[in-house]
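Results of the structural survey
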Amino acid sequence: TKEGLAVTLDTAVLYRLDPTKATVLYKTVGADYARVLLEPEASSAVRGLTSDYETKALYSSGRTMIQDYLKTELTTKLGPRGIIIEDVLLKDILLPEQLSQSIEAKVQAEQD
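Residues numbered from 1 in each chain as written. Predicted model: local features only at pLDDT ≥ 70, side-chain atom pairs only at ≥ 80, totals over all residues. Heavy atoms only, no water.

With respect to the side chain of Asp-18
Basically, it comes down to this: Where helices and strands are cited, they refer to DSSP runs of H or I of at least four residues and of E of at least two residues respectively, numbered from the N terminus. Think of it in three bands: with a 1.4 Å probe and only protein chains considered, a residue is buried below 20% of the maximum accessible area for its type, exposed above 50%, and partly exposed in between. In summary, the charge assignment counts Lys and Arg as positive and Asp and Glu as negative, without counting His or the chain termini. Salt bridge, as applied in this entry: a Lys or Arg side-chain nitrogen positioned within 4 Å of an Asp or Glu carboxyl oxygen. In this description, contact between two residues means that some pair of their heavy atoms is separated by no more than 4.5 Å.
Inspection of the secondary structure assignment puts Asp-18 in the loop between strand S1 (8-17) and helix H1 (22-28). There is no salt bridge for the buried Asp-18, and the closest opposite charge comes from Lys-21, which lies 4.5 Å off by N-O distance. Every residue in contact with Asp-18, bar those within four places of it in the chain, is listed here: Gly-82 and Ile-84.

And the structure:
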């Protein structure tokens, strides 16, 4: 994150092939195009994005903005290759244990 904290993001990319480019994709990249193109691009986009954001944005309303940014980023990179990005889902966020405890304590204090 922007603060230098290590977080783990569990993401899912929903995609399909552009029928007009599928043949070229299979000929140039092969049937393993998801491992060759999609996975590295998705990992790179997530790493690049999370290093620009503060941790609180990952568990607050910033989640939607992050998902939208990742979708746009992947569409820009993979669209020309024939991979259509339908959506990017931010499924789970694993924060450092100490930070998780601090957040839980703050929420509990606000409820009391």
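Side note on the environment of Asp-92
Structurally, the position occupied by Asp-92 is in strand S2 (residues 83-94). Owing to a relative accessible area of 36%, Asp-92 belongs among the partly exposed residues under this scheme. Expressed as a C-alpha distance, the spacing of Asp-92 and Asp-10, which sit 82 residues apart in the sequence, is 4.9 Å.

Structural notes on the environment of Tyr-53
Along the chain, the position of Tyr-53 falls in the loop between helix H2 (33-50) and helix H3 (55-58). Along the sequence, Tyr-53 and Met-65 sit 12 residues apart, while their C-alpha atoms lie 11 Å from each other. Excluding anything up to four places from it in sequence, Tyr-53 contacts Thr-1, Lys-2, Glu-3, Met-65 and Ile-66.

Observations regarding the packing of H2 against helix H4 (residues 62-78)
For any two helices packed against each other, the geometry comes down to the angle between their axes and how far apart the axes lie. Applied cut-off: Angles run from 0 to 180 degrees between N-to-C directions of axes, and those axes are lines fitted to C-alpha atoms, restricted for helices to the stretch in contact. Every angle not falling under 35 degrees, over 145, or within 65 to 115 is termed oblique; those three ranges are roughly parallel, roughly antiparallel and roughly perpendicular. By convention the crossing between two helices is left-handed if the near helix lies anticlockwise of the far one by an angle smaller than a right angle, and right-handed if it lies clockwise. Side-chain classes are defined by residue name, with Ala, Val, Leu, Ile, Met, Phe, Trp, Tyr, Cys and Pro counting as nonpolar, Asp, Glu, Lys and Arg as charged, and the others, Gly among them, as polar.
Two elements in contact, H2 and H4, have axes separated by 10 Å at closest approach and are oriented at 135°. Viewed along their axes, H2 and H4 adopt a mutual orientation that is oblique. Crossing handedness for the pair H2 and H4: right-handed. Facing H2, whose interface residues are Leu-37, Leu-38, Glu-41, Ala-42, Ala-45, Val-46 and Leu-49, H4 presents Ile-66, Tyr-69, Leu-70, Glu-73, Leu-74, Lys-77 and Leu-78. Of the residues contributing to the contact of H2 with H4, the split by class is 11 nonpolar, no polar and 3 charged.

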